[in-house]
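Residue-level structure breakdown
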Amino acid sequence: MDEQARAILQRVIRKIPNKKLQTALRAWDHLSSEQLESLDYAQPKWLFLENLISRCEENRLSLKDVTKLEMAYYIDNPSKGTWHAYQLFQAEGDAVSVNFTQFREQLKAHLKDVVRHVSVRTKKLEDGAVWIRIAWGDNFSKPNHLKPTYVVHYLQTSYVFVLNLMSKHKPFLYQALLLSTRHVSIKEAQLSSRSLTAMRDLLMRQYQQVFPTNQERTLKERNAPPSHPSIEKEHAECAERRHQMACEAFGDGVLPKLETAVYKLETKYRGNSNNTLNDKDELFRGVVMFSSSNLLESFRHCVSAGMAEGPVTPLLSSITQKGRNSFVITDKVPGAASQTPAHKA
Amino acid sequence: MECNALVVNTPAHRPDTRRSKSYGRSCVEPPSLFWQTPGHLTTLGHRIPTSRRAAKSHNITTKVDPEQVALLIKNEWKLSHVTPLYRFRHTQLKLYSKHLAAFIIAEKQQGVAVEVGVEAGFKVTFSAVLGIAETKEDAETVFIQVHSKPLFSADTPKAVWRGWLTCVNGDPEYLRSLPPDFVSLPLFCSSGPEYLTALVKSWFERTFDCSFGSLYLNSTMLNWLAALWTGCHPTSNIRYLKLAWNMPSQPPLDIAYTVNPQDAWELWNSIHTEDSTDDRINIEEVQLFMNGLEIHFFRHFKIYLSAGTLTKVSTALGSAHHDGKIKIGSSDYITTLLTLLTECALMKTPV
């Protein structure tokens, strides 16, 4: 086993908790059951690693085999590192008929076309996710397996999720993806998170969406003075309305576990109405970052509890409606890349 | 309920038994913050300032040794307030160093301290940081460092804990009213392992008959800092004004709003126009400033920031967290920050 293989093995083994080591190695299926039995999983990691390396060398395992283990680790732990989402546009006619084999062969071929030394490994999971591991080299050097890029794509959808992509490799990956999925353009989707599952659920709408009901909820009705004498009933009605608005904006039931959302504000100042700043044309610049262990649930709770006013501002509901968590807010009329802030009351 | 201000005299010949904890009052009932009593100390803690002097940039290195200033700027400090120290002498610092070191070693051997290290022992240094005190009533700041002595004398001792006691622009009436044997250094800043902080506090409590308490910074204090620091932007680039709130949703939501420093200053300037004759800032102006930011935020996100808690304010000049943690970013405005914190400490000190 060469230096790189050893280094990768060391990194992966370090990351896997002791309790899960045995299952991970068994699933890897590159060591015999006797060899697996002979290892002491309670040892300190550095000692365990030495023994593991000698077993691997007995079997003459190579770099290729070790990268398989690394890939399995990332598949099992899709919440390591920061994933970024990309969206494919303008599908060609035959995009829908691309199957896994076609996709894989095309991707490998196109990558090898543009990057002389590149190592690609793919795996299709039961849920339809295609995982791709790319180790990049260049015209003169062999692929660097210590800094691989991981790509996840669900065939026939327009989303691609990427981990650890250097900007110099972006054009190569873009081109290869477009050609192999039969699309014309690809753009960053302004969505990034540590949790791949959350991003996937958000983009592919795999959460319970709540659609506006038929119940009349006009402005007039909401502002009408309460006619019913019982305060409890009114309060319940208000609470119900708030809850409804919250669910419409953010979904119902279990929500994708998004953790952050960032807004770059480039709008004019809208503070106290007496303030002279209100008349100025200059922007009141700032950046707002929301973070929580489950951002969408926090927002939903804020709205239903009254900490946030309903109906929910498009700035926040865009997270679920548009599937993104990074925004630039300007005062312009809504275009493709900007959002208007809520109107001044 | 009337109460006589009584000076507690501790005769020199009496052994070091438990002294009464009062330092100027003899009270029938335990002192309470809500209990108003006539006398010198009414002014303390019951008058919350509604206006302050604007932050002034001081080149403090003209007054204080720059090396000592550098020590203050490096770390994040955890704040406590402490009652006046009985018979603390700035001339005895070397003696205190030896005693505290011995105390720490003894406590460690008894197994009181939780951490087991490979230190052969501890070395403590008390030093006076001259020049931080502003008025003649302020006592000089005292800086304490605990070094761990390594096993091999070839290695240099490593500083494992640092702390300092200070009083900057303390309420002069209160300070003058203290009995002669008492020194007030109400603000205590510590940085390092918790077990050492506890040991240092314990030693102080035993030796000087004082008591420590955690100092938290409420939103009023944080609001003052936000306004004061923003006001400094023309002379000293604050680089950003970052405010952090925590909303009590489930799960809790953290909101960090980083305002462009020039824009923040424009807002502050529109509320508190620079007037060279009167450099005082009112609490109303501070509130208008914070309200302005909250309303601008609301207009975009429709979230009531007032439903949450302001937890942290930071600029390049420093940061303050409502848990009672501060970081001093620049020595230029250290006096203003310490004045505020001293006041905060004095207000919280049990009367």
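The rules behind the values
- Residues numbered from 1 in each chain as written.
- Chains lettered and ligands numbered in written order.
- Predicted model: local features only at pLDDT ≥ 70, side-chain atom pairs only at ≥ 80, totals over all residues.
- Heavy atoms only, no water.
- UniProt positions renumbered as here; feature names shortened; annotations may be inferred.
- Helix = DSSP H or I, 4+ residues; strand = E, 2+ residues; numbered from the N terminus.
- Buried < 20%, exposed > 50% of the residue type's maximum accessible area, 1.4 Å probe, protein only.
- Contact = heavy atoms within 4.5 Å.
- Areas by Shrake-Rupley, 256 points an atom, 1.4 Å probe, with all protein chains shown as cover.
- Pairing = 2+ DSSP bridges.
- Axes fitted to C-alpha atoms, helices over the stretch in contact; angles between N-to-C directions.
- Disulfide = S-S within 2.5 Å.
- Patch = residues over 30% accessible without salt bridge, like charges linked within 9 Å, V, L, I, M, F, W, Y side chains within 5 Å.
- Salt bridge = Lys/Arg side-chain N within 4 Å of Asp/Glu carboxyl O.
- Lys, Arg positive; Asp, Glu negative; His and termini not counted.
- Charge placed at Lys NZ, Arg CZ, Asp CG, Glu CD.
- Parallel < 35°, antiparallel > 145°, perpendicular 65-115°, else oblique.
- Left-handed = near helix turned anticlockwise from the far one by under 90°.
- Nonpolar A, V, L, I, M, F, W, Y, C, P; charged D, E, K, R; others polar.
- pLDDT = per-residue confidence, 0-100.
- Polar contact = N/O pair within 3.5 Å; in protein donor to acceptor, adjacent residues only side chain to side chain.
- Expected span 1.5 Å × (residues − 1).
- Domains from an automatic or database assignment.
- Buried area = accessible area lost by both parts, 1.4 Å probe.

Naming follows an unreviewed UniProt entry, where chain A appears as Centromere protein N of Pygocentrus nattereri. Regarding chain A, the relevant UniProt record gives this comment under Sequence similarities (unreviewed entry): "Belongs to the CENP-N/CHL4 family."

**Examining the overall build of chain B**
From N to C terminus, chain B includes eight helices and 15 strands. For chain B, the residues scored as buried account for 50% of the 351 residues in total. Look at the contacts in chain B between residues 6 or more apart in sequence, and 71% of them connect residues 24 or more apart. Just so you have it, chain B exposes about 16,500 Å², and 52% of that area is on carbon and sulfur atoms.

**Regarding the environment of L258 of chain A**
Residues and elements named next belong to chain A. Residue placement: L258 occurs in the loop between α10 (231–250) and β7 (260–268). According to the relative accessible area criterion, L258 is buried, its value standing at 0%. The spacing of L258 and N294 is 36 residues in sequence and 5.6 Å in space, taken between C-alpha atoms. What L258 contacts, discounting residues up to four positions off in sequence, is L191, S193, A198, L202, S292, S293, N294, L295, I319 and N325.

**Side note on the sheet that holds strand β5 (residues 159–163) of chain A**
Residues and elements named next belong to chain A. On the basis of which strands lie adjacent, the open sheet formed by six strands has the order β2-β3-β4-β5-β1-β6 and antiparallel pairing. Two strands close off the open sheet at either side, each with one partner strand: β2 (118–124) and β6 (183–193). Taking the axes of each pair of neighbouring strands and ignoring which way they run, one obtains an average angle of 20 degrees across the sheet. In the sheet, strand β4 (residues 149–154) pairs with β5 via four bridges, with the strands oriented antiparallel. Pairing of H153 across the sheet is with V160, part of β5. Relative to β2, helix α6 (residues 100–114) is tilted by about 170 degrees, and along the sheet it contacts β2, β3 (129–136) and β4.

**Notes on the state of the cysteines**
Residues and elements named next belong to chain B. The final tally for this structure, using the stated rule, is zero disulfides over all chains. Summary of cysteine pairing: C344 is not part of a disulfide, and the nearest cysteine sulfur, belonging to C189, is at 12 Å. When its relative accessible area of 3% is taken as the criterion, C344 is described as buried.

**Comments concerning a positive patch on the surface**
Residues and elements named next belong to chain A. Positive charge collects at one region of the surface, where K15, K19, K20, K80 and R194 lie side by side. Here K20 shows up in helix α2 (residues 18–28). Assessed through its relative accessible area of 51%, K20 is described here as exposed.

**With respect to the packing of α2 of chain A against helix α5 (residues 63–76) of chain A**
Residues and elements named next belong to chain A. Viewed as axis vectors pointing N to C, α2 and α5 meet at an angle of 130 degrees, and their least axial separation amounts to 10 Å. Taken together, α2 and α5 sit at an angle that is classed as oblique. Helix-helix and strand crossings are classified by hand; for α2 and α5 the assignment is right-handed. Contact residues: α2 offers A24, L25 and W28, while α5 offers D65, V66, K68 and L69. Taken together, the residues of the contact of α2 with α5 break down into five nonpolar, no polar and two charged.

**Regarding the pattern of salt bridges**
Residues and elements named next belong to chain A. Taken as a whole and assessed by the stated rule, the structure comprises 15 salt bridges over all chains. Between E57 and R6 there is a salt bridge, and its shortest N-O distance comes to 3.2 Å. In this pair, E57 is assigned in helix α4 (residues 45–58) and R6 in helix α1 (residues 3–15), connecting sequence segments 51 residues apart. Judged by its relative accessible area of 33%, R6 falls in the partly exposed class. A salt bridge links D331 to R270; the shortest N-O distance between them is 2.6 Å. Taken as a pair, D331 in the segment after β9 (326–330) and R270 in the loop between β7 and β8 (283–291) lie far apart in primary sequence, 61 residues in all. Look at D331 and you get partly exposed, because its relative accessible area is 31%. Classification of R270 as buried rests on a relative accessible area of 16%.

**A look at the confidence of the model for chain B**
Predicted coordinates in regions of low pLDDT should not be interpreted in detail. Confidence in the prediction for chain B averages 81 pLDDT; 77% of positions are at 70 or higher. Two numbers describe this predicted complex: its pTM, 0.79, and its ipTM, 0.78.

**Concerning the side chain of D171 of chain B**
All names here are of chain B. If you trace the backbone, D171 turns up in the loop between β6 (158–166) and α3 (172–177). Given the relative accessible area of 16%, D171 is considered buried. Side-chain polar atoms of D171 contact the backbone nitrogen of E173, separated by 3.0 Å.

**Looking at helix α2 (residues 93–109) of chain B**
Think of an α-helix as 3.6 residues a turn; residues three or four steps apart then line up on the same face. Between the first and last C-alpha of α2 of chain B there are 24 Å, a value that for 17 residues agrees with the 24 Å anticipated at 1.5 Å per step. Turning to α2 of chain B, the residues buried within the fold contact β4 (121–129), β5 (141–149) and α4 (194–208) of chain B.

**Details of the domain arrangement of chain A**
Residue and element names in this part refer to chain A. Entries for chain A in the domain assignment read domain 1 (3–76), domain 2 (83–203) and domain 3 (219–330). Each of domain 1 and domain 2 has a C-alpha centre, and these two points are 27 Å apart. On the domain 2 side, the residues contacting the twelve residues of domain 1 number 14 residues. Interface area for domain 1 against domain 2, summed over the two sides, is near 1,200 Å², with a carbon-plus-sulfur share of 66%. The largest per-residue losses of area from domain 1 upon contact with domain 2 belong to M71, Y74 and I75, which jointly make up 47% of the total buried on that side. On the surface where domain 1 and domain 2 come into contact, there are one salt bridge. Remark: the boundary between domain 1 and domain 2 carries five residue pairs in polar contact (both at pLDDT 80 or more). Taken together, the elements giving at least two residues each to the side of domain 1 that touches domain 2 come down to α1 and α5. Looking at the side of domain 1 that touches domain 2, the element that brings in the most residues is α5, giving eight residues.

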